[in-house]
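Coordinates in review
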Amino acid sequence: MLLVDNRALNSWEKFKDSDIYFSFIKSPTAIVSSIILLIIFFCSFFVEFVTPHNPFDPASLSLMEAFTPPSWTEDGMAKFILGTDGQGRDMLSTILYGSRISLIVGFSAIIFSLILGVSLGLTAGYFGGKYEMIVMRLTDVQLTVPSILMALLVDGIARGIISREMHDEMAIYVLIFAIGISEWPQFARVSRAATLVEKNKDYVSASSIIGVSNLLIMFKHILPNIMRPVLVIGTIGLALAIIAESTLSFLGVGVPPTTPSLGTLIRLGNDFLFSGEWWITFFPAIFLVILAFSINLLGDWMRDTLNPRLKK
Amino acid sequence: MTFLKISNLSVDYKMRKETVNAAKNINIDIKKGEIVGLVGESGSGKSTVANAIVNLIDEPGKVSSGSILMGETNISENPETIVQYRGKKIGLIFQDPQTSLNPILTIGEQLIETIQTHLNLSSEDAKNKAINLLKEVGIKDAEKRFYNYPHQFSGGMRQRVVISLALCCEPELLIADEPTTALDVSIQSQILELIKRLTKERNLAVILITHDMGVIAETTDRVAVMKNGDLVEIGLTKQILVEPKEKYTKSLVSSVPPTNKKISRFTIIEKENVNKNNNIKILNRWSKKIIVDQNLIEIKNLSKSFDDSFFTENTKNSVMAVDDVSLNIKEGQSFGLVGESGSGKTTIAKMVVNLFKPSSGDIYFDSVNITKINKNKDLLKFRKQIQMIFQDPFSSLNGRLKVKEIIAEPIRLHNPDIKSGDLDSYIHDLLESVELTQQSAIRYPHEFSGGQRQRISIARALATQPRLLVCDEPTSALDVSIQAQILNLLKDLQEQLNLTILFISHDLPVVRQMCEKIAVLKDGKLCEVSETEELFKNPKHNYTKELLKLMPKIESIYN
Amino acid sequence: MLVVSFVSFSLFNFVGDPINNMVGEETSDEERAELRETLGLTDPIHIQFSRFVVNASKGEFGISYQLRRPVSELIIERLPATIELVLISALIALVSGTLLGVYTGINRKGFLSDFILAVSLLGVSLPTFVIGILFIYLFAVILGVLPSFGRGEVIDIGFWTTGLLTVSGLKAIILPSVTLSLFQMTYIIRLVRAEMMEILQTDYIKFARARGISEKSINYKHALKNGLIPVITIAGINIGTLVAFSIITETVFQWPGMGFLFIQAVQFVDIPIMSAYLVFIAFVFVMINFIVDILYYFIDPRIRVKGDVTSG
C-alpha cells in the first residue's frame with residue numbers, strides 16, 4: 001500500500017499528483033478559459049492602470065469624437081481601438097469599467113446567495129424535521145419562480161420603498177440582493193442533499209458519540225465535505241448572476257447609466273443599432289458572452305472532474 | 001467433455017499512472033453440468049474474468065490476449081458473435097437484485113422482450129414461456145406477478161426474477177457474479193439451492209463468483225482461486241479447501257472463521273502490516289479498571305419505533321425496529337448480537353451509544369440510566385466511556401482531516417488541557433497499539449486500505465479510554481484475511497485493556513470466535529440469549545436452529 | 001402556491017405611494033386626495049386587501065395607475081400574444097432539446113456530439129437579450145428578411161387574437177420564439193444528456209446488455225423512458241421560466257405581450273398591473289405543477305402502483 005512510500009509529500013506536490021491537476025493539464029478548454037478569465041479579472045479590477053482613458057472624466061470627453069468607429073475601419077482613430085459611443089467615451093475603457101461593475105455585482109450576489117443557501121441547506125439537512133420541511137418548501141417555491149422574475153419583483157418593491165433619488169445610489173445593493181435572493185435555492189438544495197448523504201456517514205455518528213457539538217460537526221466535519229458540489233454550482237451561478245445583472249440592466253431596472261455595467265452599455269448601444277453604429281452595442285455584448293462562456297467552460301470542466309459518477 | 005475453454009486470457013486496465021493487469025493468463029475449462037467457483041478477495045480479478053467472457057468489460061479495460069472457446073466457436077474473436085450469444089447461450093446474474101431490473105417496466109415486459117429477442121416466438125407463446133419460467137424459479141401466483149413492477153418484489157424474489165431472465169432463452173452457460181452477497185443467509189441458501197437444481201435439470205455449465213468460502217464449499221464442484229489477477233490454483237473444491245497447495249490458498253482457508261469450533265486466534269500467514277507489537281503501548285496511560293463481577297450494561301424492555309407517518313400517508317404503519325428487548329452485559333464480557341438485516345441489531349447499538357433515544361424502556365450503564373440524561377454535560381461523562389466502531393471503513397473517517405486530527409478530536413474534547421507534545425505522543429501510542437506506524441498520523445484517510453482505516457477507527461475509539469466498545473459489523477466490509485487480523489487485534493485489545501465489547505454481526509462463525517455470550521434477534525424481537533458454545537450446540541429457538549442450519553459451512557466439504 | 005402569490009400582493013399593496021408616481025410634481029394636494037378617493041386608497045388596509053382578494057377572484061385588478069385603464073382589459077388584450085410566444089418556444093425548446101440531448105447522451109464521442117455540446121455551452125452563456133439583438137441585427141437590419149418588432153397582422157377570433165394565421169404574423173413570431181427558446185433548449189440538452197449518461201451506466205442497463213437486448217431497445221426503450229422522468233419536472237419549470245424570460249424577449253422585440261406590460265409597470269411602479277401579472281404567473285405555476293404530477297403518475301409505476309412487497 002501507500003505506506004511503503006514514507007516520504008511525506010508537501011501540499012504542492014500532492015496537488016500536482018492529484019487527478020484534478022492532471023485533468024486540468026489535459027484539458028485545453030480549462031486552461032484557455034482560466035487564462036481568459038484571469039486577464040478579464042485583472043483588467044477589470046486594475047482598470048485605472050490599464051486603460052488610457054477615463055470615460056467618466058467629463059474633461060477628457062469631446063463630443064467631436066462621438067460615434068468614432070473601431071480603429072481598423074476607415075474613419076477609425078488609433079487612440080480609440082474599439083471606437084467611441086454617443087458621448088465620445090472610449091468603448092474599450094467603458095467596457096472594462098462596465099465589466100468591473102458586472103463582476104462586483106456578480107461576485108457579491110453569488111457570495112451572498114452561497115452563504116444564505118449553504119447555511120439554510122446545511123442546517124435543514126442536519127436537523128431535519130419541521131425546520132427542514134419549511135426550508136425545503138421555501139426553496140421549492142423560490143425555485144419555481146424564475147430568477148429574473150424574482151429579481152424584477154425585488155427591484156419593483158425596492159423602487160416602491162426607496163425614493164427615486166436614493167434609488168440610483170442604492171441600485172447596486174438592491175441589484176446584489178435581488179440576484180442573490182433569486183439564486184440561493186440552488187445552493188440550499190445542493191448543500192442539503194449533500195448534507196443528507198454526509199450526515200448518514202459513520203464519521204458523523206462517530207463524532208456525536210465522542211461528544212462533539214452539533215455546531216462543530218456541521219461546520220468542521222460536514223461543511224468541508226459538501227463544498228465540492230457547492231463550488232461547482234457557485235461557478236455556474238457566477239455566470240448566471242453576471243447574465244442576470246446585465247439582463248436587468250438591459251431592461252433598465254439595474255445599475256443606472258451614470259455607472260454603466262455591461263448590460264447598461266448594451267441597452268444604450270441598442271438605440272444606435274439601426275443607424276449603423278453597431279460597435280457601441282456589439283463589443284460590450286461580445287465581451288459579456290466571452291466572460292460568461294469562459295466561466296461556464298470552467299464550471300463545466302469542474303463538474304465533469306469533480307463528479308466521479310460521470311467520468312468517461 | 002470441455003464446454004467452455006478459457007485460454008491465456010489477460011485483461012488490462014490502462015490507468016493514468018500505470019496499466020493494471022486485472023487478469024493475467026487465465027486458463028479455465030468448464031464442463032456441462034458442473035459448477036465452477038471463482039473465489040478471491042476484492043481486486044483479485046474474478047469479476048473481470050466473468051465480464052471478459054461476455055465482452056462487457058467497463059472502460060478503460062481491454063482484453064489484451066487469449067481466447068474463449070464455447071463448444072467449437074471462438075467467441076472472443078468477433079464482438080458480433082458474443083452479442084448474439086448474450087442471453088441466448090450465456091446467461092448472467094449480477095450481485096444486487098435491487099438495481100438489476102429496469103424499474104419502469106413490468107417483469108413480464110422484460111421477460112417477453114428478452115425471449116422475443118432470441119427466440120422466434122409469438123407474444124402469446126413468449127408469455128406462456130415466461131410464466132412457466134417464473135413458476136420454475138419458485139414465484140407463486142406467477143400469472144398475476146407477471147404484470148408487477150420490480151419494486152413490488154422483495155430482494156430474494158427479485159433475484160429469482162433475475163435468474164428467470166438469465167435463463168429464459170435456455171442458455172448453456174450461466175455466470176453468477178456474487179448472486180447472494182446482497183441477500184440474507186436464509187434467502188441465500190434458497191437461491192443457491194435453486195441454482196444447483198437448475199444446473200442439474202438443465203445440464204448447465206455454471207461459473208459462480210463469490211468471496212465466501214462457505215458458499216464455495218457447499219455449492220461448487222471445482223474451484224479456481226484468484227489473487228491480484230493471477231489464477232493461484234484450480235482443482236476439485238474438496239481438494240483445494242482441505243489440502244491447498246499454494247501458500248495464498250492456505251492463508252485464505254485459515255482466515256475463514258470455522259463454524260464448528262472456537263479457536264483462540266486466527267493464524268495469519270500473510271500480513272498486511274509487518275511491525276507486530278504485542279505490547280500495547282497505551283497500557284501505561286490506561287487507567288485500567290479491575291473487572292468486578294457486575295453488569296456494565298442492563299437493557300430493560302427497550303423498544304424503538306420509527307414512525308414513518310411523517311413521510312407516507314400510511315399512519316398505522318409505524319415500524320417496530322426494536323420490540324421489548326431486555327438483556328445484560330457483564331463487565332469485561334464480549335457479547336454478540338446476531339440477526340439478519342432488519343432485525344434491529346444496529347438500532348440497539350445506536351441506542352446504547354446514545355445516537356437514538358428509545359421509544360420506551362431503559363438502558364443502564366454502570367447502574368445509571370443513560371436514556372434519561374438530557375444535559376449535554378452529564379452525557380459527555382458517559383460518551384467518554386462508551387465508544388463505537390462502524391461497519392464501513394470508508395465512511396467512518398472524515399476524508400478532509402488528517403489521521404492526527406481525527407484521533408486528536410476526542411482527546412482534546414475530553415481533556416482540553418493536554419499539552420501538544422503530550423498529545424502527539426499519545427496519538428503515536430494509539431497508532432502503534434493498533435499496529436500502524438507513527439508516520440500514519442500526517443496522512444489522510446484515503447491513503448489507507450480498508451483494514452488500515454478500520455485500525456484508525458479503533459484508535460479513535462480507544463482515545464477516550466472507554467470501558468464499553470460497541471462494534472457494529474466491524475469486519476463485514478473487509479476481505480476475509482483482513483477480517484482475521486482485525487478480529488485478532490480486537491481480541492488482544494480486549495484482553496489487555498479489560499474492555500467490554502458489544503459485538504454486532506450477521507455472521508455466525510465470526511460471532512462464535514469473538515463472543516462469550518450471544519443474543520439472537522429477529523424482526524426486533526429477542527429470540528434467545530445463551531452462552532456461545534451452548535447456542536451453537538443446543539439451539540433452543542427455532543429461528544436459531546434455522547440460521548445455524550442455513551449458514552454456509554466451509555466444513556461441509558468433509559461430509 | 002396561491003397563498004404565496006397572495007402574500008406578495010399584500011406586499012405590493014402596502015409598498016410606496018402610487019399617487020406620487022402617477023402625477024407630476026405640480027399636482028395640488030386636493031387633486032391628489034381626490035385621486036386617492038377614486039382609487040380607494042383611503043380605506044383601511046384590511047378592507048383594501050379583502051377587496052383586492054375578492055376582485056382578483058373575479059378577474060378584476062383595478063385600474064392601471066399609469067395607463068388609467070382597467071387592468072383586466074389590458075391583460076385580455078395582451079394575454080394571447082404572450083401565450084402564443086411561450087407555447088411555440090416551449091415546443092421548440094422541449095422537442096429539439098430532448099432530441100439533441102438523447103443524441104449526445106448516446107453518442108458520447110464523435111464530432112457532432114462535441115459540436116452540439118460546445119454550441120449548447122455557448123447557448124447557456126448567451127443572455128437572451130444579446131441573442132435577440134444579434135438576431136435583429138442579422139435578420140432584420142442586414143438581411144432584412146424578418147421583422148424586428150411587433151406581432152405582424154393578427155386575426156381576431158372572438159376572445160382571442162392570433163398571429164399564427166397570417167404570413168406576417170408567422171414571420172414575426174420566428175425571431176422572438178427562437179430567441180426565447182434557445183437558452184432553455186441548451187439547458188435541456190445538457191440535462192437530458194447527463195441523465196442518459198447516468199442511466200446508461202446503471203446495473204439494469206448492464207443486465208439488459210448481458211441478456212442480449214439490442215442496443216436500439218436499450219437506448220430508446222430502457223434508458224430513454226427512465227431518462228424522461230426528471231425531464232418532465234424540468235419541462236414544467238421550463239415553461240414557467242419561459243414565461244418569465246418572455247419579459248426580456250418581449251422587450252427586445254417590442255412584442256405586445258404581458259411581459260412588456262409588466263416591465264413598464266415595474267418602471268412606473270404600477271402596482272395593479274404588477275399584482276395582476278403575479279396572479280397570472282402563480283396561476284401558470286399551479287397549473288404546471290398539477291400537470292407535472294399527473295404526468296408522473298402515468299410514467300412512473302413506482303408512484304402509480306403502491307409497493308406492496310410480498311415475499312414468499
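Just so it is clear, the structure is predicted and the values come from calculations on it, not from any experiment.

This brings us to the overall build of chain C. A tally of regular secondary structure across chain C gives 13 helices and two strands. Burial analysis of chain C (312 residues in total) assigns 41% to the buried set. Taking all contacts inside chain C whose residues are at least 6 apart in sequence as the whole, residues at least 24 apart take part in 71%.

Our focus in this paragraph is the overall build of chain B. Helices and strands together make up the secondary structure of chain B, namely 20 helices and 20 strands. Taken over the C-alpha trace, chain B has a radius of gyration of 26 Å; the compact-globule value for 559 residues is 24 Å, and the two agree within 12%. Taken along the three principal axes of its C-alpha coordinates, chain B extends 75 × 55 × 45 Å. Residues classed as buried in chain B amount to 49% of the 559 residues present. Of the contacts made within chain B by residues no fewer than 6 positions apart, 70% connect residues no fewer than 24 positions apart.

Residues and elements named next belong to chain B. Strand order in the open sheet formed by four strands is β2-β1-β4-β5, with antiparallel pairing between adjacent strands. Looking along the sheet, the strands with just one partner apiece sit at the ends: β2 (19–31) and β5 (73–74). With two bridges connecting them, strand β4 (residues 61–70) and β5 associate as antiparallel partners. Across the sheet, the residue bridging to Met70 is Thr73, located in β5.

Moving on to the interface of chain C and chain A. At the interface, 35 residues of chain C touch 37 residues of chain A. Considering each element in turn, the side of chain C that touches chain A owes the most residues, eight residues, to helix α10 (residues 215–252) of chain C. Of the residues assigned to the side of chain C that touches chain A, the class counts are 26 nonpolar, seven polar and two charged.

All right, on to helix α7 (residues 128–142) of chain C then. Along its 15 residues, α7(C) runs 20 Å from first to last C-alpha, staying within 8% of the 21 Å computed at 1.5 Å per residue. Tucked into the core, α7(C) has its buried residues touching α10 (214–250), α11 (262–270) and α12 (279–306) of chain A together with α8 (167–199) and α10 of chain C. A positive backbone phi angle near 65° is found at Gly144(C), which sits one or two residues after α7(C).

Quick look at the interface of chain C and chain B now. Quite often, the size of an interface is put as the accessible area lost when its parts meet. With 25 residues of chain C at the interface, the matching set in chain B holds 29 residues. Mapped by element, the contributors of at least two residues to the side of chain C that touches chain B are α9 (203–210), α10 and α13 (301–304) of chain C. Residue classes in the side of chain C that touches chain B are distributed as eight nonpolar, nine polar and eight charged.

Now for the packing of helix α6 (residues 111–125) of chain C against α8(C). Residue and element names in this part refer to chain C. Closest axis-to-axis distance for the α6/α8 pair is 8 Å, and the angle between their directions is 130°. Judged on the interaxial angle alone, α8 and α6 are oblique. The interaxial crossing formed by α6 with α8 has left-handed handedness. Where α6 approaches α8, its residues Ile116, Ser120, Gly123 and Val124 are matched on the opposing element by Leu182, Phe183, Met185, Thr186, Tyr187, Ile189 and Arg190. By residue class, the composition of the contact of α6 with α8 is seven nonpolar, three polar and one charged.

Residues and elements named next belong to chain A. Note that Ala194 resides in helix α8 (residues 164–199). Residue Ala194 is classed as buried on the basis of its 22 C-beta neighbours within 10 Å. As for Ala194 and Val47, which are separated by 147 residues in sequence, their C-alpha atoms are 39 Å apart. Leave out the neighbours within four places in its chain, and Ala194 touches Ile226 and Pro229.

To continue, consider the nonpolar core. Membership of the largest hydrophobic core comes to 311 residues, with the highest contact counts inside it found for Val206(B), Val352(B), Val470(B), Leu502(B) and Phe262(C). Top element by residues in this core is α10(A). It accounts for 17 residues. Once you skip the residues sitting within four places of it in the chain, Phe262(C) turns out to touch Ile247(C), Ile273(C), Met274(C) and Tyr277(C).

Before going further, it helps to examine helix α5 (residues 123–136) of chain B. Residues and elements named next belong to chain B. For α5, with 14 residues, the first-to-last C-alpha span of 20 Å sits near the 20 Å given by 1.5 Å per residue. For α5, every residue scored as buried is listed here: Ala126, Ala130, Leu133 and Leu134. All buried residues of α5 project into a common sector of 100° when viewed along the axis, lining one side. Those residues of α5 that are exposed and aimed more than 90 degrees away from the buried face are Glu124, Asn128 and Asn132. Remark: Gly138 follows α5 within two positions and exhibits a positive phi of approximately 90°.

With that settled, consider the packing of helix α14 (residues 403–414) of chain B against helix α15 (residues 420–433) of chain B. Residues and elements named next belong to chain B. Two elements in contact, α14 and α15, have axes whose closest approach is 10 Å; the angle formed by their N-to-C orientations is 110°. Considered as vectors, α14 and α15 are oriented roughly perpendicular to each other. Between α14 and α15 lies a crossing of right-handed hand. For the pair α14 and α15, contact is made by Lys404, Ile407, Ala408 and Ile411 and by Leu423, Tyr426, Ile427 and Leu430, respectively. For the contact of α14 with α15, the per-class residue count stands at seven nonpolar, no polar and one charged.

Residue and element names in this part refer to chain B. Here we have six strands laid out as an open sheet, ordered β16-β17-β18-β13-β19-β20, and mixed in their pairing. Looking at the sheet topology across the chains shown, the edges are occupied by β16 (386–389) and β20 (525–531). Neighbour to neighbour, the strand axes of the sheet diverge by 20° on average, direction disregarded. Here strand β13 (residues 334–338) runs beside strand β18 (residues 500–505); their pairing, made up of five bridges, is parallel. Of the residues in β18, the one forming a bridge with Leu337 is Ile504.

Residues and elements named next belong to chain C. On average, residues of chain C carry a pLDDT of 74, and 73% of them reach 70 or more. Across chain C, α9 holds the top mean pLDDT of 88, while helix α2 (residues 18–22) sits lowest at 47. A low-confidence stretch, residues 14–26 (pLDDT under 50), is modelled with 19 contacts involving residues beyond four sequence positions or located in other chains. Note that residues 307–312 has pLDDT below 50 and, in this model, 11 contacts with residues that lie over four places away or in other chains. For this predicted complex, the interface score ipTM comes out at 0.79, while the overall pTM is 0.79.

Attention now goes to the pairing of strand β9 (residues 222–227) of chain B. All names here are of chain B. Burial analysis of β9 places six of its six residues in the buried class, which makes it a mostly covered element. Neither face of β9 is open: one carries Arg222, Ala224 and Met226, the other Val223, Val225 and Lys227, and all of them are buried. The sheet contact formed by strand β3 (residues 35–39) and β9 spans four bridges and is parallel. Each residue of the ladder has a partner; that of Val39, found in β9, is Val225. Where β9 and strand β10 (residues 230–236) come together, six bridges link them in antiparallel fashion.

Should pLDDT be low for a region, the predicted coordinates there are not to be read in detail. All names here are of chain B. Model confidence for chain B is summarised by a mean pLDDT of 86, while 94% of its residues fall at 70 or above. Put simply, helix α2 (residues 79–85) is where chain B has its lowest mean pLDDT, 83, and β18 is where it has its highest, 94. Considering only residues more than four positions removed or in separate chains, one finds that residues 308–316, a stretch of pLDDT under 50, has six contacts.

A word on the environment of Val118(A). Residue and element names in this part refer to chain A. Summarising the element assignment, Val118 is placed in helix α5 (residues 91–127). A sequence separation of 95 residues divides Val118 from Ser23, and the C-alpha atoms of the two residues are 27 Å apart. In this structure Val118 touches Phe187, Ser191 and Val230, once residues within four positions along its chain are discounted.

What counts, and at which threshold
- Residues numbered from 1 in each chain as written.
- Chains lettered and ligands numbered in written order.
- Predicted model: local features only at pLDDT ≥ 70, side-chain atom pairs only at ≥ 80, totals over all residues.
- Helix = DSSP H or I, 4+ residues; strand = E, 2+ residues; numbered from the N terminus.
- Buried ≥ 20, exposed ≤ 12 C-beta atoms within 10 Å, placed from the backbone.
- Contact = placed C-beta atoms within 7 Å.
- Rg over C-alpha atoms; globule rule 2.2 N^0.38 Å.
- Pairing = 2+ DSSP bridges.
- Nonpolar A, V, L, I, M, F, W, Y, C, P; charged D, E, K, R; others polar.
- Expected span 1.5 Å × (residues − 1).
- Axes fitted to C-alpha atoms, helices over the stretch in contact; angles between N-to-C directions.
- Parallel < 35°, antiparallel > 145°, perpendicular 65-115°, else oblique.
- Left-handed = near helix turned anticlockwise from the far one by under 90°.
- Core = buried A, V, L, I, M, F, W, Y, C linked by C-beta atoms within 7 Å.
- Arc of directions from axis to C-beta.
- pLDDT = per-residue confidence, 0-100.

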